[in-house]
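Remarks on the overall topology
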Amino acid sequence: MTRRAVRWVDQRTASAPLLRKALRYLFPDHWSFLLGEVALYAFVVLVATGIYLTFFFVDSTKEVVFHGDYYPPLYGQKMSEAYASVVHLSLAVRAGLLIRQTHHWAANVFIAAIVLHLFRIFFTGAYRKPRELTYWLGVTMLMLSLLEAYLGYSLVDDLMSGMGLVIGYSVGLSLPFVGQNLMNWLFDGMFPGSPRLWPRMYIAHVLIFPILIGLLLGAHLLLVAMRHHTQFRRKKAQTERTILGVPAFPGQAPRSIGLMVGTAGLLFLLGGLVQINPIWLWGPYHTYSSTNGAQPDWYLGWLIGGLRLVPSFDFTIGHYTVVPNPFWGGAAFPLVVFGFLYLWPWLERRFTGDHAFHNLLDRPRDAPVRTAIGVGVISWVFLVFLAGASDRVNVTFGIGYVSQIWVYRVVVWVLPVVFGLVTWWTCKELQASEVVVRERHAAESEARLARMRRGQEPPGDPGALEV
Amino acid sequence: MPLSRIRNAMVSGLVLLLGRRRRRPRPEDTRMVPAMPPDPAAELVVLGLLGLSSLCALGFILIYAFGASLPAETQLLGIAIGLAFLLFAAALVVVALRLVPTEEVAEEYPPHEHPGEQQVIAEVIDESGTRLTRARLFKLGLFGAGGTLGLALLAPAVSFGPLFHVGDFLRTPWRRGRRLVDENGRPYKASDIEENDFYLAFPEGTSDVEKEQMAASLVVIRLPVDQLRLPPRLKGYDAHGILAYSRICTHAGCAITLYRAPLFQPDEPRPALVCPCHYSTFDPATGGTVTFGPAGRDLPLLPVYVDSRGYLRAKGNFDGPVGPSWWGVRMWKAQP
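Residues numbered from 1 in each chain as written. Chains lettered and ligands numbered in written order. Predicted model: local features only at pLDDT ≥ 70, side-chain atom pairs only at ≥ 80, totals over all residues.

**Some points on helix α13 (residues 326-352) of chain A**
Residue and element names in this part refer to chain A.
- When the terminal C-alpha atoms of α13 are compared, their 37 Å separation across 27 residues agrees well with the 39 Å that a helix rising 1.5 Å per residue should span.
- Where α13 bends most, the angle comes to about 50°, and this point is L343, followed within four residues by the proline P345.
- Every buried residue belonging to α13 is among P326, F327, W328, G329, G330, A331, F333 and L341, and all of these are buried.
- Those residues of α13 hidden inside the fold are in contact with α6 (132-155), α7 (159-173), α12 (301-309) and β6 (320-323).
- Within two residues after α13, G353 carries a phi angle of roughly 65°, on the positive side. (Helix = DSSP H or I, 4+ residues; strand = E, 2+ residues; numbered from the N terminus. Expected span 1.5 Å × (residues − 1). Bend = angle between axes of the 7 residues up to and from the residue. Buried ≥ 20, exposed ≤ 12 C-beta atoms within 10 Å, placed from the backbone. Contact = placed C-beta atoms within 7 Å.)

**Observations regarding the pairing of strand β4 (residues 218-222) of chain B**
Residue and element names in this part refer to chain B.
- The buried count for β4 comes to five of five residues, which makes it a mostly enclosed element.
- Across the two faces of β4 the burial is the same, with L218, V220 and R222 and V219 and I221 all buried.
- Both strand β3 (residues 199-203) and β4 contribute to a ladder of three bridges, which runs antiparallel. Considered in β4, the bridge of Y199 is made with V220.
- Bridging between β4 and strand β5 (residues 242-246) involves five bridges; their strand directions are antiparallel. Within the sheet, the bridge partner assigned to L218 lies in β5 and is S246. (Pairing = 2+ DSSP bridges.)

**Quick notes on helix α2 (residues 40-66) of chain B**
All names here are of chain B.
- Compared with an ideal rise of 1.5 Å per residue, which puts 27 residues at 39 Å, α2 spans 39 Å between its outermost C-alpha atoms and is within 8% of the ideal.
- What α2 keeps buried is the set V46, L49, S53, C56, F60 and I63.
- The inward-facing, buried residues of α2 contact α3 (73-99).

**Focus: the sheet that holds strand β7 (residues 272-274) of chain B**
Residue and element names in this part refer to chain B.
- Ordered in space as β6-β7-β8-β9, the four strands form an open sheet in which the pairing is antiparallel. Among the strands making up the open sheet, the edge pair consists of β6 (258-260) and β9 (289-292). Sheet twist, expressed as the average angle between the axes of neighbouring strands with direction ignored, equals 35°. (Axes fitted to C-alpha atoms, helices over the stretch in contact; angles between N-to-C directions.)

**Observations concerning the interface of chain A and chain B**
- With 78 residues of chain A at the interface, the matching set in chain B holds 71 residues.
- Classifying every residue of the side of chain A that touches chain B gives 40 nonpolar, 28 polar and 10 charged.
- Bridging between strand β4 (residues 242-247) of chain A and strand β1 (residues 105-108) of chain B involves four bridges; their strand directions are antiparallel. If you follow G245 of chain A over to β1 of chain B, its bridge partner there is V105 of chain B. (Nonpolar A, V, L, I, M, F, W, Y, C, P; charged D, E, K, R; others polar.)

**Considerations on the pairing of β4 of chain A**
- Sheet topology note: the strand β1 (residues 26-27) of chain A/β4 of chain A ladder contains two bridges and is antiparallel. Of the residues in β4 of chain A, the one forming a bridge with L26 of chain A is P247 of chain A.

**Quick look at the domain arrangement of chain B**
- Here chain B is described as being made up of domain 1 (38-101) and domain 2 (168-314).
- Each of domain 1 of chain B and domain 2 of chain B has a C-alpha centre, and these two points are 59 Å apart. (Domains from an automatic or database assignment.)

**Details of the packing of helix α15 (residues 390-397) of chain A against helix α16 (residues 401-453) of chain A**
Residue and element names in this part refer to chain A.
- Remark: α15 packs on α16, axes separated minimally by 9 Å, with the N-to-C direction vectors making an angle of 135°. Here α15 is positioned oblique relative to α16, judged by the angle of their axes. Taken as a pair, α15 and α16 cross one another with a handedness that is right-handed. Within the contact between the two elements, α15 uses S390, D391, V393 and N394 and α16 uses Y401, Q404 and I405.
- Class assignment of the residues belonging to the contact of α15 with α16 gives a composition of three nonpolar, three polar and one charged. (Parallel < 35°, antiparallel > 145°, perpendicular 65-115°, else oblique. Left-handed = near helix turned anticlockwise from the far one by under 90°.)

**As for unusual backbone geometry**
- Here the amide bond leading from K129 of chain A into P130 of chain A is cis, since omega sits at 10°, within 30 degrees of zero.
- Among the secondary structure elements, P130 of chain A is positioned in the loop between α5 (96-123) and α6.
- Cis geometry marks the peptide bond from F249 of chain A to P250 of chain A; its omega dihedral reads 5°.
- Positive phi, close to 70°, is recorded for H228 of chain A, a residue that is not glycine.
- Unusually for a residue other than glycine, H240 of chain B sits at a positive phi of about 50°.
- Checked against the element boundaries, H240 of chain B lands in the loop between β4 and β5.
- A residue is classified by how many C-beta atoms lie within 10 Å of it, and H240 of chain B, with 14 of them, is partly exposed.

**Here we look at the confidence of the model for chain B**
- With 94% of its residues at a pLDDT of 70 or more, chain B shows a mean pLDDT of 92.
- Our summary of model confidence lists the complex with pTM equal to 0.93 and ipTM equal to 0.92. (pLDDT = per-residue confidence, 0-100.)

**A short note on the nonpolar core**
- Ranked by internal contacts, the top residues of the largest apolar core, which has 166 residues, are A42, F110 and L267 of chain A together with V220 of chain B.
- Looking at which element gives the most residues to this core, the answer is α3 of chain B, with 17 residues.
- The residues contacting F110 of chain A, other than those within four sequence positions of it, are A39, A42, F43, L46 and S145 of chain A. (Core = buried A, V, L, I, M, F, W, Y, C linked by C-beta atoms within 7 Å.)

**What to know about the sheet that holds β3 of chain B**
All names here are of chain B.
- As summarised here, the arrangement of the five strands in space is β2-β3-β4-β5-β10, forming an open sheet in which the pairing is antiparallel. Of all strands in the sheet, those with a lone pairing partner are β2 (180-181) and β10 (301-302), marking the two edges.
- Relative to β10, β5 runs antiparallel, the two being bridged by two bridges. Paired with Y245 across the strands is L301, a residue of β10.

So, in structure tokens, the structure goes:
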């Protein structure tokens, strides 16, 4: 029966050699290797739930009056068709809210999984030759995912989403020399733009970006498979030349599919039980309205922190405004972070002179400088992220907002250096402790061997002492 | 007899669930996957989990179909479908841990490179070009044509919007004599504007779409005249202490919807207009200067006067372009 099916497929596709290879592709066993898979499966959930949402969403900013009797607080209010359609989807379409909230949760988990996956890749040196391409594709996907998530958030046209959109518009406007032209062109006029803007954002969100991410994802996975997975050196059989792992079938398949189904289950549970972005409470967006205490989704928190930390100035020459203020926090900051991510494999090679092939992963302590720099950069971004939450801290703990911002303006530059140095020192100490243990074991087995030779101890396996 | 049929069904179900075929394992040396002893208990657990999963999925369909009046429909739907997935995942985890042969296989990594093939590819490419006598010119021609073709295809994207046009960024709907009205179009009288409060205003006679223009909306406040410290160029912009500022923050374009009025003088800081997005803080008494936060430009001020019947009217245009900064924002004045 199995034989006949395989034969049928092979005769028609000539794919038996390929399938055989795919079935026995080896997955080294380590939990951290599953982070990328979680991102992949969150993407699957995003596409599936997103398709459902497109059946209800109206990509128009035409003004309508809300007449849904299912939500009296908004009754009679003027709003865009886009916002009205999402309120309707959330409150009047059966299971609509579940799907929308699952979509939103999936976006949050998607980006979180990518970021954690990136940390794993960075701190283990998995990006080194021959896998730089895979890494650059991954970093590009992270950037595209941030933009894609921002577009999705903006499309709803509730008060929060409009505030986010106008901030993004202002950051675009602040690009030196070309910002005004670029945004005028993209929005078809000054903010809030022309009626053409929403169809543009919509097609970017549901077609252009998903296809780009999907293509890069395919290339990313293909490259991983062509060069095979990296591996930690946990067993003697795992070397630079030999990979030890669980075959895709039967060992890995139920784990991976289980992880996919589990990710979907968790996202649906979150979507059903944990409220996220209740847009009917925010109300419609108008350029002349805003609300206090607004916070973006977590993955944009670092940018709002960056925008809030920069002191008051526009860099001008005469009457020409060269660098408007939002550029620093909203554009330069992420450009520096992504520039660092893109350049890092090259930088490291430049300074270590390491041009070798690497299939074995480092542990973070094995490369103290890399680990220290990584911790420094992450803490830099995270402190700016925290600065973005100062207004919430002010409300919750009553610590003055202005004083907090002044503290952060200093701390953001000092603490990353401190964290980096402490990390470097910790790595060195961990390395040293391993040397001590190794030397003690060597000395002990030598002593035992010597005693054995003198006949004081029954012969045994001297290696048994090694742990 | 229906009873006996039910009994038969139950018996056959039990047989399906509990009965198992014992297969003799094939000789060890011909197997691809190592033989491992069966684990009937784990099989039962998996079947149980799969059964529960399909029950939950069925529950989802039932809640969807008949649960319109349930108080927590979204939550129940989420629990049902979420558990259906999670129980399925749990079944797969048991399969992975207990029922598939667990094996770790060693294999050589692919070779670092394939010098033979590299050589062949390079030769094929190089030799294919030997008929050309002007290879470099040829390349230039190919890339030139390809590039211009690409440019031609991209060119229509210029129609997206105006690339070289700054007029919209300077124009405002405000003219001398235009009345300030509230959201519902009711004109403001000077007597409506009280201290320690702030008001949203638009130019009279604008449509809903025009109200969304950045230069349309104002934040109007009243300060005691003796507290005003307007710079000389803004002298006469206030009407007996009434000040009408652009509502759009000069930092990132959010609406200024916070007014910090000093209710408990002299302990409280000076009055301030604050944008809730990044907390740019403007001093209305000194002409909208930035006292804290990231904004790099003063808040534009619209000159106003009170007409003979007590209505608030614009005296002219803003003292500068409205909205977030861009390269030309200091080069031109606001225009009607």
